[in-house]
Amino acid sequence: MKSDIKLITDEGKRLDGRGPHDLRKIKIEAGVLHRADGSCYLEWGGNKVLAAVYGPREAVPRHTQNPLKAIVQARYNMAAFSVEDRKRPGPDRRSVEISKVISEALEKVILTEYFPRASIDVNIEVLDAEAGTRCAGLSAAAVALVDAGIPMRDIPVACAAGKIEGQVVLDLGKEEDNFGDADLPIAISPRTDEVLLLQMDGHFTVNEFNQAFDLALKGCHTVSEIQKKAILEKYQSVVAEVQE
Ligand code: UDP
């Protein structure tokens, strides 16, 4: 959507004061829920996301079971109060799509072959939404999976880059998402840079696409460090408690 809003000032700053290559502020906490097997609370700019993992547990109904590996079922949900105009509760086309792409991305890193006939369920609840919720949700889900002790090849991570006023920038905010030219959310396995998810909204030239991809990749690596720090913090405090 085009608008008269100026998304980049003459000094090259974005609406929230960020430079083109800056991420919004990110805060991650692992193990925040007591009844889930693993959980994570994540804030990413104005996004607030909670992820809870259950399993591996017997998949029900039984016809959903795979005798060779576990099924990974992510369910992305936006709370009715998470957006400006109240969102109608329950699944819609968008949330079904996001649940599917996140499930597929997580399945690529989880060692599903260890748990035949099981289900690993990942609930992602968006409490406050300000663009980039699929990246925030996937990154929170990854930490919750580690917290649940699910064996994985790597800790997946997601981040987006986009284009506003013809310029490639990292991590679009709400107005930038609404009035910008393009958005490119990706998820990777940071150890190998294998791409687990790649979606694109809007138009890039090939050169812009390459720039945006490289920028999103760098963003993923920054978020990955924050994820690892959150996991270490949780387990260092557990070790300290046990030692006491
Ligand atoms: N949004 C909204 N109502 C909706 C869906 C989305 O207000 O029903 C807002 C919300 O802030 C979201 C943003 O639009 O974060 C961008 O949505 P998009 O589909 O691009 O996914 P996201 O960037 O959150 O992964």
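Look up: the structure comes first, before these words.
Note that the coordinates shown come from a computational prediction; the quantities given were computed from them, not determined experimentally. (Residues numbered from 1 in each chain as written. Predicted model: local features only at pLDDT ≥ 70, side-chain atom pairs only at ≥ 80, totals over all residues. Heavy atoms only, no water.)

Trainee: What exactly am I supposed to notice about the environment of Ser189 here?
Mentor: Examined against the element boundaries, Ser189 turns out to sit in strand S8 (residues 182-189). With 32 residues separating them along the chain, Ser189 and Val157 place their C-alpha atoms 6.7 Å apart. At 2.7 Å, the side chain of Ser189 forms a polar contact with the side chain of Asp154. (Helix = DSSP H or I, 4+ residues; strand = E, 2+ residues; numbered from the N terminus. Polar contact = N/O pair within 3.5 Å; in protein donor to acceptor, adjacent residues only side chain to side chain.)

Trainee: What should I look at first to understand the pattern of salt bridges in this one?
Mentor: For side chains bearing opposite charge, pairing can occur when the charged atoms are close. Enumeration over the complete set of coordinates arrives at 17 salt bridges. With its nearest N and O atoms 3.3 Å apart, the salt bridge here joins Glu225 to Lys228. Of this pair, Glu225 and Lys228 both sit in helix H4 (residues 206-243), separated by three residues, roughly a single helical turn. By relative accessible area, Glu225 is classed as partly exposed at 48%. Using a relative accessible area of 38% as the deciding quantity, one classes Lys228 as partly exposed. Taken together, the salt bridges that share partners define one network made up of Arg14, Asp16, Arg18, Arg24, Asp171 and Glu176. (Salt bridge = Lys/Arg side-chain N within 4 Å of Asp/Glu carboxyl O. Buried < 20%, exposed > 50% of the residue type's maximum accessible area, 1.4 Å probe, protein only.)

Trainee: Would you take a moment to explain the nonpolar core for this structure?
Mentor: Generally speaking, soluble globular proteins have nonpolar side chains that are buried together. Counting 65 residues, the largest nonpolar core has Trp44, Leu106 and Leu145 as the members making the most contacts within it. Sequence-distant contacts of Leu106, that is, excluding residues within four places in its chain, are made with Val72, Val122, Leu138, Ala141, Leu145 and Pro156. Formed by five residues, the second largest nonpolar core is a distinct cluster that contains Leu7, Ile8, Ile164 and Val169. (Core = buried A, V, L, I, M, F, W, Y, C linked by side-chain atoms within 4.5 Å. Contact = heavy atoms within 4.5 Å.)

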